[in-house]
Every structure is written in C-alpha cells, then in structure tokens.
Amino acid sequence: MAYQYFQDGRLESNSSASADALVRLSPLGREFASVDPPSSNSYPDALCFAETGHCVRFSFRKYFEQHGGASFFGYPITDLKAEEGRLVQHFERATLVWDKSLPPESQLRLAPLGILKCSLDGCTAINSTTRAIPGSVESASVAEVESLFAAYTARHGGVAVFGMSLAAPQPGTDGNMEQPYDNAIMFVDASAPEGVGLRPLGAARHRREPAVPATDPRGLYDPVSGHNVLHAFRRFYEQYGGQAVFGHPISEMRADGAMLVQDFENARLEWHPDAPEDSRMCLTAYGREALLGSGPTNTPVAQTPAITAWEEWPIIFAGQPQTLHARVVDEKGRPLQGAIVTAMVRSAENVVDYTLPSTDANGHTSITFALSTWNPGQLVQFDMWATYAGRTGPSAMGSFVQWYGAAPTSTPGP
C-alpha cells in the first residue's frame, strides 16, 4: 500500500481494492479519536447514520455534504461536542473543527491529522514542505504562510504558548512574510530548520545583561550568552523548543512584582505563583504590544495602558456563568496596578456594561456574570478597555458562544 501525507489527512492507494476505492483517505479519525457510543438524541435538522448512531448538524452538515459526505470523510464516530474551547466532530477519516479564533471564512476546517500522523511515522514531509515555502513575499501565498505558521505553532505548544493569531500574514520590513500572535511575531525564515523564526522582541525590550557563572548543576547554562535557565523556566524552555524557538537567555531569572521573569532574545517568560499549576508559566504578550505600536523606546515610559482580554469559557452552557479576564501593561510590557477596566458585553438582545475591580500587582483583573437571556448557538461579543492615570488605551475584543445543555459539573479540588 502506498501513502502520501497532506496537512489534514493521508491518502492511501490499495491496488487490491475496487476501482472506486483505489485511493481514499486513511482512517486517521479513528486513530486519533475514541468512538463514542451511539447517541439517543434526535434532531430534525440533522443528517444521521444508523451505521454509527451519530448525526451531523448545522454548518458541519453543510461542509460535510459539500465536500464528499460519508464516501470521503467516512461515517461520524461522535456527535458534535465541545473540546478545548472549540466545537469538534470526529469522523472515521477526518476531524472537523470550528474555531472562533480564526478568520470567519476559515473558522470551520479540518484538523491537521496528516501532520500528526506524519510526525508519528517519522516521515520527512513536514520539514520538506516547510523548506519548500520560500522567504520572499512574491513567491509565498498568504494561505501557504498561514498554514506554515499554524503547523509550527502546533508543534511548539499551540495557543497555550503563543496565544491567538491577531492578524493575517503580511510583509515585514525585511521582505519576509510575518504574522503577529499574542506573545510573538513569527516570520518566514528559510535558514531555520523548520522554515519559521520568531522576531527578537525580547532583545528589543531588554538589554543583554553581563554574563554570569553557572549557578546550579541542575540548571541549563548557555555558554553563548552566559546565563542560566533554572527550575520551571528550564522545563518550559526545553519543552517548547528551547534556543531554536525562544533564542538565547539574555538575563537571569528575577522578581518583577509578584511574579518571576526571565528575558530571552525572542520572548520573556513569566512565572505567576498564584495561577493554576498548569498555567503558571507563560510568555509576556510582546506580539500584541508590538501590534499596538508599543515598541522599545529610550524616552520615559508613557503610561498609556495596553490591555489583553480573554474569556474563561469560549463555549458556555445553559446556566453557566462566564468570567472575563484582563491584563493591563504599560508600553514596555510592565504590569500596571490600579488600572480601571471597563467591559461592554453585547448579545442580540441587549448590551451590558461592567466595571471591573482595579488591576492587581500583575496587572490582572476579572469579573464573573451570568447572561440575562439564553439563545443556544448565538455569539456573544465583548469589548474591554483600560484607563490608567487619566489615559485610556486601545480596546481589546473577544467573543464566546452560547450552547445547548446544562453547565458541566466542576471537577472537585484536592
């Protein structure tokens, strides 16, 4: 049997199969997802399959039927469900994902099962494809570059590390295509092993400090820059790509208010002791700050606040409250304590304004509320902006979706 790998699937050729099935998609959906028991739900708008006991609904049905149906995707092996803030449905040979963080025209798409399978099989398609995408603006399409950056992001921690993409790829000042994410700016770098590099936003915001000796045999000492990477910083650094992604460390770990930080050429790592254990380490939102025009400066810092806003639950169920978070920093990325954040939440029925508590030492604040009306499938949008020392910065926007069903039961704590 012969195979060819693509980003979202793998084609297989079987010479012993019937003429209409010589080439088809490999059953990667079954490989990467569990088959759910047949559902007893009945939906008047759904396309249901007795073979597996699952139905395809809404825009998923339209996409499914327009692109070959069961003969292409195989039968659905789950119903539509929420996974990691996205709506997902698994089929025998593919997975469909609705992701609101993407542009509207591409929010419903195939999951990159081909890339996952290729990496497990040890094939060279990822690197060869990456190398084949050139660094010049003229010869790489926006779609090619966006796909390249999405694959790179997925291999190095995804949204949890880099945040969301903030705009479509566009030419950088050096002629290479680049795309801003919350915490970094990626660019096409034909000399890099994966064809992608990060702009040196860390070095642009923090001067390289003098070298120091190795301080801990359990740490990682970088002889090029003469700095140590220790404890949780080392684990995070090595887990998500190390020097190839974040660059060399240019400072030692140090306290900054209530958190610990360390600067690298391409990013700054933050450790928040009061955050949940799996999210204590994160990157400073240098990509968003660069997009807002808050680059490095030698003049005194103007305390115009920059805000990052996000929702705790991208999808909420009937009766479930929502929590909106905000982090406010100055133009050099330093947290602003005492900033006032206002939120405007808009649904089809009404608009509600909230004033959040003043930001803490980490620049963070949040508010929890319940919607006054409920319309499953409806998008709720919000705008948030911060005021500090009489100055109001640019707003940040976001959205979440109301969905069917009751609120899930929370996991008991220790």
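Residues numbered from 1 in each chain as written. Predicted model: local features only at pLDDT ≥ 70, side-chain atom pairs only at ≥ 80, totals over all residues. Heavy atoms only, no water.

Caption draft 1: Region of interest: the overall build of the protein. Within the protein, the regular secondary structure consists of 11 helices and 28 strands. Classification of the 414 residues of the protein by burial places 45% in the buried group. Of the roughly 20,300 Å² of accessible surface on the protein, a fraction of 54% belongs to carbon and sulfur atoms. (Helix = DSSP H or I, 4+ residues; strand = E, 2+ residues; numbered from the N terminus. Buried < 20%, exposed > 50% of the residue type's maximum accessible area, 1.4 Å probe, protein only. Areas by Shrake-Rupley, 256 points an atom, 1.4 Å probe, with all protein chains shown as cover.)

Caption draft 2: Geometry of the nonpolar core. Residues Phe149, Phe162, Met186, Phe236 and Phe246 are the most contacted members of the largest nonpolar core, which totals 26 residues. Breaking this core down by element, the ones donating at least two residues are helix H6 (142-155), helix H7 (159-162), strand S12 (185-188), strand S13 (196-198), helix H9 (231-239), helix H10 (243-246) and strand S19 (281-283). Apart from the residues lying within four places of it in its own chain, the contact partners of Phe246 are Val161, Phe236, Tyr237, Tyr240, Gly241, Phe264, Glu265, Asn266, Ala267 and Leu283. Formed by 21 residues, the second largest nonpolar core is a distinct cluster that contains Ala343, Phe382, Ala386 and Phe400. (Core = buried A, V, L, I, M, F, W, Y, C linked by side-chain atoms within 4.5 Å. Contact = heavy atoms within 4.5 Å.)

Caption draft 3: Broad picture of the state of the cysteines. For the structure on display, the rule yields one disulfide. The disulfide partner of Cys48 is Cys55, and the gap between their sulfur atoms is 2.0 Å. One quick way to see it: the torsion about the S-S bond of Cys48 and Cys55 is about 105°, and its sign makes the bridge right-handed. Owing to a relative accessible area of 7%, Cys55 belongs among the buried residues under this scheme. (Disulfide = S-S within 2.5 Å.)

Caption draft 4: Seen up close, the sheet that holds strand S10 (residues 170-171). Strand order in the open sheet made by the four strands is S10-S11-S12-S13, with antiparallel pairing throughout. Two strands in the sheet have a free side with no partner beyond their single neighbour: S10 and S13. Two elements, S12 and S13, share three bridges in a ladder whose sense is antiparallel. Paired with Met186 across the strands is Leu198, a residue of S13. (Pairing = 2+ DSSP bridges.)

Caption draft 5: The arrangement of the pairing of strand S1 (residues 2-6) in detail. Alignment of S1 against strand S2 (residues 9-13), held across five bridges, turns out to be antiparallel. Its bridge partner lying in S2, Ala2 is registered against Ser13. The turn linking S1 back onto S2 is made up of two residues.

Caption draft 6: Representation of the sheet that holds S1. Taken in spatial order, the three strands of this open sheet run S1-S2-S3, and their pairing is antiparallel. Whereas interior strands pair on both sides, the edge strands pair on one side only; in this sheet they are S1 and strand S3 (23-25). The sheet shows a mean angle of 25° between the axes of neighbouring strands, direction not considered. (Axes fitted to C-alpha atoms, helices over the stretch in contact; angles between N-to-C directions.)

Caption draft 7: Quick peek at helix H2 (residues 58-66). Those residues of H2 not exposed but buried are Phe60, Tyr63 and Phe64. One face of H2 carries all of its buried residues, which in axial projection span an arc of 100°. Of the residues in H2, the exposed ones pointing more than 90 degrees away from the buried face are Lys62 and Gln66. Summarising the contacts, the buried residues of H2 are in contact with strand S4 (47-49), strand S5 (54-56), helix H3 (69-73), strand S7 (86-90), strand S8 (95-98) and strand S9 (108-110). Among the residues trailing H2, Gly68 stands out with phi positive, at a value near 115°. (Arc of directions from axis to C-beta.)

Caption draft 8: Fine view of H9. Where H9 is concerned, the buried positions are Ala232, Phe233, Phe236 and Tyr237. In a view along the axis of H9, the buried residues occupy a sector of 130°, so they form one face of it. Residues of H9 that are exposed and point over 90 degrees away from its buried face: Arg235 and Gln239. Taken from the residues just after H9, Gly241 is the one with a positive phi, measuring 130°.

Caption draft 9: Highlighting the packing of aromatic side chains. Applying the stated criterion across every chain, the model contains 17 aromatic pairs. Relative to Trp403, the ring of Phe58 lies with its centre 5.8 Å away and its plane at 70°, an arrangement referred to as edge-to-face. On the criterion of sequence distance, the pair formed by Phe58 in helix H2 and Trp403 in strand S28 (residues 396-406) is long-range, its members being 345 residues apart. Within the aromatic cluster, the residues linked to one another by ring pairs are Phe49, Tyr63, Phe64, Phe72, Phe73, Tyr75 and Phe91. The ring of Tyr404 has Arg57 sitting right over it, with the charged end atom 5.7 Å from the ring centre. Between Arg199 and the ring centre of Phe187, over which it is positioned, the NZ or CZ distance is 4.1 Å. (Phe/Tyr/Trp six-rings, centres within 6.5 Å; stacked < 30°, edge-to-face > 60°. Lys NZ or Arg CZ within 6 Å of the ring centre and 35° of its normal.)

Caption draft 10: Focus on unusual backbone geometry. Of note, the phi angle at Phe58 is positive, near 55°, even though the residue is not glycine. A residue is classified by how much of its surface remains accessible, and Phe58, at 32% relative accessible area, is partly exposed. Residues other than glycine seldom take positive phi values, yet His231 does so here, at roughly 55°. Looking at the secondary structure, you find His231 in helix H9.

Caption draft 11: Structural detail: the side chain of Arg93. With respect to the helices, strands and loops of the structure, Arg93 is situated in the loop between S7 and S8. Buried and unpaired, Arg93 has no salt bridge, with Glu92 as the nearest side chain of opposite charge at 5.1 Å. A distance of 2.9 Å separates a polar atom in the side chain of Arg93 from the backbone oxygen of Ser71. Setting aside residues up to four positions removed in sequence, Arg93 forms contacts with Arg24, Leu25, Ser26, Pro27, Leu28, Gly29, Ala70, Ser71, Phe72, Phe73 and Gly74. (Lys, Arg positive; Asp, Glu negative; His and termini not counted. Salt bridge = Lys/Arg side-chain N within 4 Å of Asp/Glu carboxyl O. Polar contact = N/O pair within 3.5 Å; in protein donor to acceptor, adjacent residues only side chain to side chain.)

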